[in-house]
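Chain by chain, the residues run as shown.
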Amino acid sequence: MKVIYQTDGIRGFYKGWATTMLGIAPYIAIKMATFDALKTRYLPDKNVRHFDLINLSFGAVAGIVSMTLTYPFDLVKRKIQLMGINRHARNYSDLMHCVNSIMIHEGPKGFFRGLNP
């Protein structure tokens, strides 16, 4: 923390904050919409034997879908947050510089790098 404060001041503690805020709203919206669509279309009566397991599975699928679709926001956020801490990380002047850099150096697939193990 001392190093962050010395190099970037108070602003250093908030690197990636804007991207986090931009990523949370779509994540929640997609997750809730997906879960609601699955429930509306496929959820059986509560009397069905495995109702809870089916409901839990819909929540898991909704989480996977929303995480996959909003992963680029999380990736950009992490790259900005790691800037200066990781000696291998690139330095970005702002959010758009980071996005453009990923697109130029890694292409569209770069926005999903690290999504799967």
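Before reading on, note that the structure itself is shown above.
Residues numbered from 1 in each chain as written. Predicted model: local features only at pLDDT ≥ 70, side-chain atom pairs only at ≥ 80, totals over all residues. Heavy atoms only, no water.

To continue, consider the overall build of the protein. When you go through the protein residue by residue, the secondary structure sums to four helices and zero strands. Sequence-ordered secondary structure for the protein, helices as α and strands as β, is α-α-α-α. Against the globule reference of 13 Å for 117 residues, the protein gives a C-alpha radius of gyration of 19 Å, more extended than a compact globule. Looking at the 117 residues of the protein, the share that counts as buried comes to 24%. A separation of at least 24 residues holds for 53% of the contacts in the protein among residues at least 6 apart in sequence. Roughly 8700 Å² of accessible area belongs to the protein as shown, and the carbon and sulfur atoms make up 62% of that amount. Averaged over its 15 positive side-chain charges, the protein has a centre that lies 7 Å from the centre of its 7 negative ones. (Helix = DSSP H or I, 4+ residues; strand = E, 2+ residues; numbered from the N terminus. Rg over C-alpha atoms; globule rule 2.2 N^0.38 Å. Buried < 20%, exposed > 50% of the residue type's maximum accessible area, 1.4 Å probe, protein only. Contact = heavy atoms within 4.5 Å. Areas by Shrake-Rupley, 256 points an atom, 1.4 Å probe, with all protein chains shown as cover. Lys, Arg positive; Asp, Glu negative; His and termini not counted. Charge placed at Lys NZ, Arg CZ, Asp CG, Glu CD.)

The next thing to look at is helix H2 (residues 17-42). For H2, which comprises 26 residues, the first-to-last C-alpha distance of 37 Å matches the rise-based estimate of 38 Å (1.5 Å per residue) to within 8%. Every buried residue of H2 is listed here: Thr19, Gly23, Thr34 and Leu38. Looking at the buried side of H2, the elements it contacts are helix H3 (51-82) and helix H4 (95-106). (Expected span 1.5 Å × (residues − 1).)

Before going further, it helps to spend a moment on a nonpolar patch on the surface. Residues Met1, Tyr5, Ile10, Phe13, Tyr14, Trp17, Met21, Ile24, Ile28 and Met32 make up a contiguous nonpolar surface patch of roughly 1100 Å² in combined accessible area. At five residues, H2 tops the list of elements feeding residues into the nonpolar patch. Accessibility expressed as a relative area gives 52% for Trp17, which makes it exposed. (Patch = residues over 30% accessible without salt bridge, like charges linked within 9 Å, V, L, I, M, F, W, Y side chains within 5 Å. Salt bridge = Lys/Arg side-chain N within 4 Å of Asp/Glu carboxyl O.)

Membership of the largest hydrophobic core is limited to nine residues, which are Tyr71, Leu75, Val76, Ile80, Met83, Tyr92, Cys98, Ile102 and Phe111. Elements represented by at least two residues in this core include exactly H3 and H4. Counting residues per element, this core draws most heavily on H3, at four residues. Those residues in contact with Leu75 that sit more than four places away from it in its chain are Ile102, Gly110, Phe111 and Arg113. (Core = buried A, V, L, I, M, F, W, Y, C linked by side-chain atoms within 4.5 Å.)

Relative to the helices and strands, Ile54 resides in helix H3. In this structure Ile54 comes out as partly exposed when scored by relative accessible area, which is 26%. Expressed as a C-alpha distance, the spacing of Ile54 and Tyr42, which sit twelve residues apart in the sequence, is 9.1 Å. Apart from residues lying up to four places away in sequence, Ile54 is in contact with Leu43 and Pro44.

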